[in-house]
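# Breakdown of the fold
So you can see what is in the structure, the chains are spelled out below.
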Amino acid sequence: SLTLLTVTACSEKPNDSNVGESHDHGHGHSHHHDHKNHHAHSKHHGIVVPLLSGQKQVAFAEIKLHDDKGDLELWLTKDQSGNIPMDIALNSKLKVSLPKLETKSLKLAVRNRAKNEDEDGKATIRNSKTNYFIFPGDSGVDAAFLTGKKFSTNAVISFELDGVEYTTKSFRLRPHTH
């Protein structure tokens, strides 16, 4: 008797940033994902990175860069799958440091204080707190320098909450492409 085992998974060649997969998510257009940093398997199709307090992992941040406008969306969650929000004060400002670019850091804030809708129109405010932040929002900053399907740079997310500093390790920020 002959047994044939087939294993299918995401694969990636070492040091090859162009490896990816195009597919349809069932909402009218296809997506290309590069599979680094859990990009293709995250709840919002962004990059999921562990959030640390000191050296201890305490939560996760999912960041999504849109290649067409350079806008960023960021969700804070207690679980890697993105299902349990880590809600913080609406006036919180999150920083994304970009040490290799001329613009060294970006400030992310809520879209508004009424509902703070995500790009799907879903309200994200619960008990006067949220886990959803955006850039540029109404900051007036031109985000054109973040555009393009091939954009890539090192980034670190950080913020302070009740005197405690939260941060990620450096990761590669790449766009979610349409």
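Everything discussed here concerns the structure shown above.
Here is a short report on the structure shown in this document. What you see is a predicted model; the values in this text were computed from it and never measured.

Conventions used here
Residues numbered from 1 in each chain as written. Predicted model: local features only at pLDDT ≥ 70, side-chain atom pairs only at ≥ 80, totals over all residues. Heavy atoms only, no water. Buried < 20%, exposed > 50% of the residue type's maximum accessible area, 1.4 Å probe, protein only. Helix = DSSP H or I, 4+ residues; strand = E, 2+ residues; numbered from the N terminus. Pairing = 2+ DSSP bridges. Core = buried A, V, L, I, M, F, W, Y, C linked by side-chain atoms within 4.5 Å. Contact = heavy atoms within 4.5 Å. 1 Å grid on protein atoms, 1.4 Å probe; cavity = no way out; pocket = protein on both sides within 12 Å on 5 of 7 lines; lining within 4 Å. Points joined across faces, edges and corners; volume = space filled by probe spheres on them. Nonpolar A, V, L, I, M, F, W, Y, C, P; charged D, E, K, R; others polar. Salt bridge = Lys/Arg side-chain N within 4 Å of Asp/Glu carboxyl O. Lys, Arg positive; Asp, Glu negative; His and termini not counted.

### Some remarks on the pairing of strand 8 (residues 105-108)
The side-chain alternation of strand 8 yields one buried face, formed by Leu106 and Leu108, and one unburied face, formed by Ser105 and Lys107. For strand 7 (residues 94-97) and strand 8, the ladder comprises four bridges, and the chain directions are antiparallel. Across the sheet, valine 96 pairs through a bridge with leucine 106, a residue of strand 8.

### Examining the nonpolar core
Counting 31 residues, the largest nonpolar core has Ile63, Leu72, Leu76, Met86, Leu108, Phe159 and Leu173 as the members making the most contacts within it. Those elements giving two or more residues to this core turn out to be strand 3 (47-53), strand 4 (56-66), strand 5 (72-77), strand 7, strand 8, strand 10 (132-135), strand 11 (153-161) and strand 13 (171-173). Once residues within four sequence positions are removed from consideration, leucine 173 is found in contact with Ile47, Ile63, Leu65, Leu72, Leu98, Phe151, Ser152, Thr153 and Ala155.

### Examining empty space enclosed by the protein
In total, this model carries one cavity of 30 Å³ or more according to the counting rule given. Empty space within the largest cavity amounts to approximately 30 Å³. Lining the largest cavity, in full, are Val48, Phe60, Ala61, Glu62, Trp75, Thr77, Asp79, Gln80 and Gly82. The set of elements that each furnish at least two residues to the lining of the largest cavity consists of strand 4 and strand 5. Ranked by residue count, the leading element in the lining of the largest cavity is strand 4, at three residues. Considered class by class, the residues forming the lining of the largest cavity number four nonpolar, three polar and two charged.

### A word on the pattern of salt bridges
Taken as a whole and assessed by the stated rule, the structure comprises two salt bridges. Of the charged contacts, one joins aspartate 67 and lysine 149 as a salt bridge, the two residues approaching to 3.0 Å between their closest N and O atoms. Taken together, the residues span a long stretch of sequence, with aspartate 67 in the loop between strand 4 and strand 5 and lysine 149 in the loop between strand 10 and strand 11 at a distance of 82 residues. Lysine 149 gets classed as exposed once you look at its relative accessible area, which sits at 53%.

### Observations regarding the side chain of aspartate 71
Residue placement: aspartate 71 occurs in the loop between strand 4 and strand 5. We note that aspartate 71 is buried and unpaired, the nearest opposite charge coming from arginine 111 at a distance of 6.3 Å. If we ignore the near neighbours within four places in the chain, the residues touching aspartate 71 are Lys64, Leu65, His66, Glu119, Phe135 and Pro136.

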